[in-house]
Structure formats: structure tokens, C-alpha cells
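Coordinate analysis (summary)
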Amino acid sequence: MEKNFKSPFGQLAYSVFAWIVGLAIFFPILWMGLTSFKSEIDAVNMPPLFIDFDWTLENYTGILAQSNYFKFAMNSVILSFGSTVIGLLFAVTCAWAMAFNPTKRTKDTLLWMLSTKMMPPVGVLVPIYLVFRDWGLLDSRFGLIMVLFLMNLPIMVWMLYTYFKEIPKDILEAARMDGATLPKEIFFVLLPMAVPGIASTMLLNIILAWNEAFWTLNLTTSDAAPLTAFIASYSSPEGLFWAKLSAASTLAVAPILIVGWFSQKQLVRGLTFGAVK
Amino acid sequence: MSTRASTLAGRVMSAPSIIALFLWMIVPLGMTIYFSFLRYNLLTPGMEEWIGFVNYKFFLTDHAFFASLANTLILVGSVLVITVVGGILVGLMLDQPIFGRGILRILVISPFFIMPTVNALVWKNLLMNPVSGFFAWISMSLGFEPIDWFTQAPLTAIIIMVAWQWLPFATLILLTALQSLDRDQKEAAQMDGAGPIAIFFYITLPHLSRAITVVILIETIFLLTVFAEIFVTTGGGPGLSTTNIAFLVYTQALLQYDVGGASAGGIVAVILANIVAIFLVRLIGKNLDA
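Residues numbered from 1 in each chain as written. Chains lettered and ligands numbered in written order. Predicted model: local features only at pLDDT ≥ 70, side-chain atom pairs only at ≥ 80, totals over all residues. Heavy atoms only, no water.

1. Looking at the domain arrangement of chain A
Residue and element names in this part refer to chain A. Once the domains are mapped, chain A shows domain 1 (8-59) and domain 2 (66-273). On the side of domain 2, 10 residues touch domain 1, which itself brings 11 residues to the contact. Together, the buried faces of domain 1 and domain 2 total about 810 Å²; carbon and sulfur atoms form 76% of this surface. Its largest share of buried area at the contact with domain 2, domain 1 owes to M32, E40 and N59, together 54% of the area lost on that side. Taken together, domain 1 and domain 2 are joined by zero salt bridges. Across the contact surface, domain 1 and domain 2 share three residue pairs in polar contact (both at pLDDT 80 or more). If you list the elements that add at least two residues to the side of domain 1 that touches domain 2, you get α1 (8-35) and α2 (40-43). Here the residues of the side of domain 1 that touches domain 2 sort into four nonpolar, five polar and two charged. (Domains from an automatic or database assignment. Contact = heavy atoms within 4.5 Å. Buried area = accessible area lost by both parts, 1.4 Å probe. Salt bridge = Lys/Arg side-chain N within 4 Å of Asp/Glu carboxyl O. Polar contact = N/O pair within 3.5 Å; in protein donor to acceptor, adjacent residues only side chain to side chain. Helix = DSSP H or I, 4+ residues; strand = E, 2+ residues; numbered from the N terminus. Nonpolar A, V, L, I, M, F, W, Y, C, P; charged D, E, K, R; others polar.)

Take a look at the structure:
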């Protein structure tokens, strides 16, 4: 819909309109950020205070001083990175095999993998919960890493598969002609070329694992609970401190928001399994 | 190009993922099916017995099931309509030359990266609170009574929150599709005297149809199991007014400890999702050859 505006004024007017719409969509995040710098009294002030309040860092220092915030944050980091690293090990090898050594069944296998993603978590909540209870995995980081890894594995395989398919096979063949062994072919030829694809797969997986709430809320209580559960604890009535809640929320989403901003273009491909380009 | 060695290596290297996913799928699913035929309550261990389809009968004839099925369908349907229509409009908007378009695009995409628990709490407390929330201030400034969202319109409140979170996804996908639209075709139509509305309905919309299908199908899969937003805001209430199937199964399993009943509910959820999934897999499958 590229329309060339007849006058710079037309484009300016249109831009102002678009920015108003865009800021309205972004507003809840902006408001959360602003509230996090208010005192609790200013946070509930009517009418709302936009910029003309006493900016304070007390909410942030308060939350960071609570030692358990770091525990939750550390759990989020461990869970999302742990599940991503394990996922990459499985997915890179699998996607490599499917992209470069396809068999008659490769397509069906890929579709089947995707179909496991369609299984609603509630459908398997009960047995996973019971198995975790019996094996002592409830509230353990290891157990949750496994769940997050398996949950996102199909997406990782698909994403890497679509990236690997675009690497010209001639290059790999040439390497083989020159006497490269299979491991050499993978580590020195394929992986360096696939770095952008692997990086965006990694980022998407970190985002998905960081924000995952169903399993983290149901399989953890305290030891392994990540930030999703930490924030959920603010839903109880005694947790109604808006400025503190906003600061905690901002701390919980900021890292992943930044990751998301950098990977937004690749996300389309990852989330639609390459169906929209 | 594949040699025997590389074919073998391919098998070996894809096996771990396939086996892991197969176990992840079949073991819990098999257990859920098995439990769904048992009388099995965690509060009375050792009393398990085979009762056939009784759990299904209870689950499917309970009024809570119909209420939550209706809520699930309303939630999924409304969010789909809002995000697809909104996504097309915002996508078209962002496809124009705008000052600072890159930054604007990032702002519009942002809600998608916000974790659902944060999303829910920010909307519930900072925006929708009837006393000092931002929306209350807007209503009062315009001379209306503030709405007590979670008492007067709890399901609508959940729909708004979830739609806000998924609008960026629809926008991102549709914008990407819009950018691949062939400009020559549109210019030719303009030469032939087609107005912007005709161009939208005869060229842009058909071009977007595949992206729209992808958005609808993928969102449906996720929206059928919305959980965290309900968990941290309404807890399914008041009454059953915001309980969807996902939340109903959760309450049966982990609050009432009724493993048998919850498993039957879980299987019903799996069947519902699979009806949708069949269409999605077909669609993606077609694309795979392209």
C-alpha cells in the first residue's frame, strides 16, 4: 500500500495519526514503566500523574533488596537458557539430518512434530504432575527445563529446518569432495553459514521459555519458580502495591522485550513455520 | 547427494529429537486416557477403580462444562475477530511511509513479548481498576461512571487483555505479507481506474488470505488454552463467568484433586484442539512443497 504522499504535510499528518495509534497500543507498557518510578501514593493518584510526579527509584531498590527477587530472576535465566541449549543440541542435529538427508518420511515427521505442539497442556497436566510428584521433580529446575525444552523442540526443529534448507547444497558437496569428513562438514562449513538462523531460533526459544506461564505456575512452588510465578504472586490482595508491582513487572519483562525488539523480523518465520515470508 | 554414510548419520542424528517428542506425546497422553476411565481422587488414594465412561458423562453433562465451552468459544472468536481486523488495519497503516516507522513498528509489536502474568496484572490494576485505574479516569473525564470491569464485564475484560497481547502477532504476520505484495499489480489496477477500496478488496485482501488463515489457525491453538490471564485476574469467576475449558480442567485436577474427571476434561480439550489442528497441519503441509 505504498502511497506517495503529494505533500510533506500530508505525510506529516499521517505520521502523527499513526504515532497516536501506535502509542495507544504501546500505552499499557509505557504506563507500567512510568508507574514504576512513582511513590505508592502518586501511583494511585486521581487524576493520573503523567510526568509531573516525584520520580523515585525506591521501588527498584526495594525489590532488588529483597533477596528472593534474584532467586526468581536467576530461575528464569536458568530455565530459559537451559531449555534453549538442550533444545539447540537436539534440534540442530535433527534439522540438519532432515534438510540434507531427507527421506520419504521427512515431511511426515516434520508435520507430526508440529502436531505435538497442538496438544493443549491441560490435556496432559494431570499425568505430568503425578509423574513429577512421584519422581520428586515438582519444583525442580531440572524437571521444568525438560518440560520447556520438549514444549519448544518442534518449533526449533522447524525453524532450523527452514534455515538449513536455504543453504546451498553445492557448498557442502564441494567440501566433501575436498575430503571433509561429516563432523568437519557440519562444524566448519554448515554451522558458520547457519549462525543467523541458529541465533534467531535461540532468541525465539528464550522468549517463549521466559514467558511460559502454564507449566511454571503448575509445577513450581518456590525453589524453581521463575519470574512468571513471582509476578503472579502479586495477584493476591495483600500484594496490591502498584508502584512496586510495576517495578517488578518492568524488571521481569525488560530483558525479553529487548530480545524481542531485535528478533522481531525473524519471528514471523519462526512462528509461522515459514508459511509466511 | 546422499551417500549411505550420510543417510545413516541422518537417521542417527534425527532419532533423539523424534524419540524425545514421541515419549513426550505418547506417555502423558496414554496416561491421561487411562486415568479418564478411573475413579481416581488424590484425596482418597488406593480407591482407584475402573468406571468406564462415567467421568466423561459427568464432565460432559456438568453445567460447568457448557459454561466453560461457551466461554472458550466466545473468547477465541472475539479475540480472533479483533486481532485479524485490527491486524489488517494496523498492518496497512504501518505499510505506509511514516516518520520513524522502524521505531513505531517496534512499539506496536511490543505487547507480544510481555509475559501473560504481567500483562494480566498491569491491565487489572493499573488500567481497569474501577477506583484509580486509567480507564476509570477516562470515563470520569468524559462524564461516565467508571466500569468495574471484573465484576460487570469479566469476560470482556479478559478478551481485551488477550486481544491486546495477540494483536501484535497478527500485525507482524500480516505486515510481512503486505510487504511481499507486488506493486506493479496495484499500479496496473490504479491505471485502470480502481479506487483504494476496490484495490483493497480485489488485490490486497486476496493476497493476504493465506497469511490470515495462518494467523487464525495459530492463534486458535494458543487461545484455546488461555490460562495465566485467568489465573492471575479472576480465578475463573465470578461464578463460572470467565472459566474456560483449560481453567476448568485445572480446577478439577489441582484444586479438587479429581484426577479421573480432570483427565476426561483434558481429553475433551485435546479432541477440540485436534479438530482445529487438522486444518492447520494441512495448510502448513501444502506449503512445505512450495
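2. A word on the UniProt feature "transmembrane region" (unreviewed entry) in chain B
All names here are of chain B. Mapped onto this numbering, the UniProt entry annotates "transmembrane region" (unreviewed entry) at residues 12-37, 64-90, 102-123, 155-176, 211-232 and 263-284. Helix makes up 92% of residues 12-37 and strand 0%. Its end C-alpha atoms lie 38 Å apart. Along residues 64-90 one finds 100% helix and 0% strand; the C-alpha atoms at either end are 37 Å apart. (UniProt positions renumbered as here; feature names shortened; annotations may be inferred.)

3. Some words on the interface of chain A and chain B
In many reports, interface size means the accessible area that the parts give up when they come together. Opposite the 108 residues of chain A that make contact, chain B presents 106 residues. Roughly 9700 Å² of surface becomes buried between chain A and chain B when both sides are summed, with 78% attributable to carbon and sulfur atoms. On the surface where chain A and chain B come into contact, there are zero salt bridges. Counting across the chain A and chain B interface gives 11 residue pairs in polar contact (both at pLDDT 80 or more). Among the elements that make up the side of chain A that touches chain B, the one with the highest residue count is α1 of chain A (18 residues). Here the residues of the side of chain A that touches chain B are counted per class, giving 77 nonpolar, 20 polar and 11 charged.

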